[in-house]
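Topology and contacts: notes
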Amino acid sequence: MSVSKVPDVNRQMCPSRLVLEHVTSRWGVLVLAALLERSYRFSELRREVGGVSEKMLAQTLQTLERDGFVHRDAKPVIPPRVDYTLTELGKEAAEQVWGLARWTERRVDAVHAARESYDARKQDQSG
């Protein structure tokens, strides 16, 4: 399907919103970031991305593959071997979201301080 209008993520029906949702989801970001380092087999990737269930990892990989970010290479060997790598489009997306992820790591203390300040103000207003 070709979209003729210029994408505008602020428009309710903009198709870029779905792409944004896929690459910025909790597991999407972490999978893209991991694959930025190297290719992974499914079980290796599951260990690398702590806390992701097998079902969620499979869904995330399938979504990212469908969007053109991830390449799934199934080798016809016994036992079956499947490797996941980033496509060129995937590398581009991964670099973008990885920058955001690293920023959150650096600024998490400031966010916690802001939350504490907000909660204290709300507590004072209600008490």
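Cut-offs applied
- Per chain, residue numbering runs from 1 following the sequence as it is written.
- Thresholds applied to this predicted model are a pLDDT of at least 70 for local features of residues and 80 or more for the giving and counting of side-chain atom pairs; totals over whole chains, interfaces and linings are not thresholded and use all residues.
- Processing note: side-chain calculations cover all non-hydrogen atoms of the structure and skip hydrogens and water entirely.
- In what follows, salt bridge is the name for a side-chain nitrogen of Lys or Arg lying within 4 Å of a carboxyl oxygen of Asp or Glu.
- Burial classification: accessible surface area is computed with a 1.4 Å probe over protein chains only, and a residue below 20% of its type maximum counts as buried, one above 50% as exposed, and the rest as partly exposed.
- In this analysis an axis means a line fitted to C-alpha atoms, helices contributing only their contacting stretch, and an angle means the value between N-to-C directions, from 0 to 180 degrees.
- Only DSSP runs of H or I reaching four residues or more are called helices, and only runs of E reaching two or more are called strands; each is numbered from the N terminus.
- Any angle that is under 35 degrees is reported as roughly parallel, and any over 145 degrees as roughly antiparallel; angles of 65 to 115 degrees are reported as roughly perpendicular and all others as oblique.
- Here, two residues are considered to be in contact whenever any of their heavy atoms come within 4.5 Å of each other.
- Residues are grouped as follows: Ala, Val, Leu, Ile, Met, Phe, Trp, Tyr, Cys and Pro are nonpolar; Asp, Glu, Lys and Arg are charged; all remaining types, including Gly, are polar.
- Among the buried residues, those of types Ala, Val, Leu, Ile, Met, Phe, Trp, Tyr and Cys that are joined through side-chain atoms within 4.5 Å form a nonpolar core.
- Under the convention used throughout, the expected extent of a helix is 1.5 Å for every residue step, that is, one less than its residue count.
- Think of it as the arc spanned by the lines of direction from the helix axis to the C-beta atoms.

The protein goes by Winged helix-turn-helix transcriptional regulator in an unreviewed UniProt entry, where it is assigned to Streptomyces yanii.

1. A few points about the pattern of salt bridges
Using the criterion set out here, one finds 7 salt bridges in the structure. Residue R46 pairs with E54 through a salt bridge whose shortest N-O separation is 4.0 Å. When its relative accessible area of 35% is taken as the criterion, R46 is described as partly exposed. With a shortest N-O distance of 3.4 Å, K75 and D83 are connected by a salt bridge.

2. A closer look at the packing of helix 1 (residues 16–24) against helix 2 (residues 26–37)
As a packed pair, helix 1 and helix 2 sit with axes 5 Å apart at the nearest point and diverge in direction by 65 degrees. Here helix 1 lies roughly perpendicular to helix 2, going by the angle between them. Along its contact with helix 1, which presents H22, V23 and T24, the element helix 2 presents R26, G28, V29 and L32. Of the residues that constitute the contact of helix 1 with helix 2, the class distribution is 3 nonpolar, 3 polar and 1 charged.

3. Looking at the nonpolar core
With 23 residues, the main nonpolar core has V31, L32, L35, L45 and V70 as its most contacted residues. Looking at this core, the elements that each hand over two or more residues are helix 2, helix 4 (54–66), strand 3 (81–86) and helix 5 (88–126). It is helix 2 that contributes the most residues to this core, 6 residues altogether. Residues contacting V70, with those up to four places away along its chain left out, are L35, L61, L64, E65, Y84, T85, L86 and T87.

4. Quick word on helix 4
Taking 1.5 Å per residue, 13 residues should reach 18 Å; helix 4 reaches 18 Å between its end C-alpha atoms and fits that length. Listed as buried for helix 4 are L57, T60, L61 and L64. For helix 4, the arc enclosing every buried residue in end-on projection is 95 degrees, short of the 170-degree limit, so these residues lie on one face. More than 90 degrees from the buried face of helix 4, the exposed residues found are K55, Q62 and R66. Backbone geometry just downstream of helix 4 places G68 in the positive-phi region, at approximately 90 degrees.

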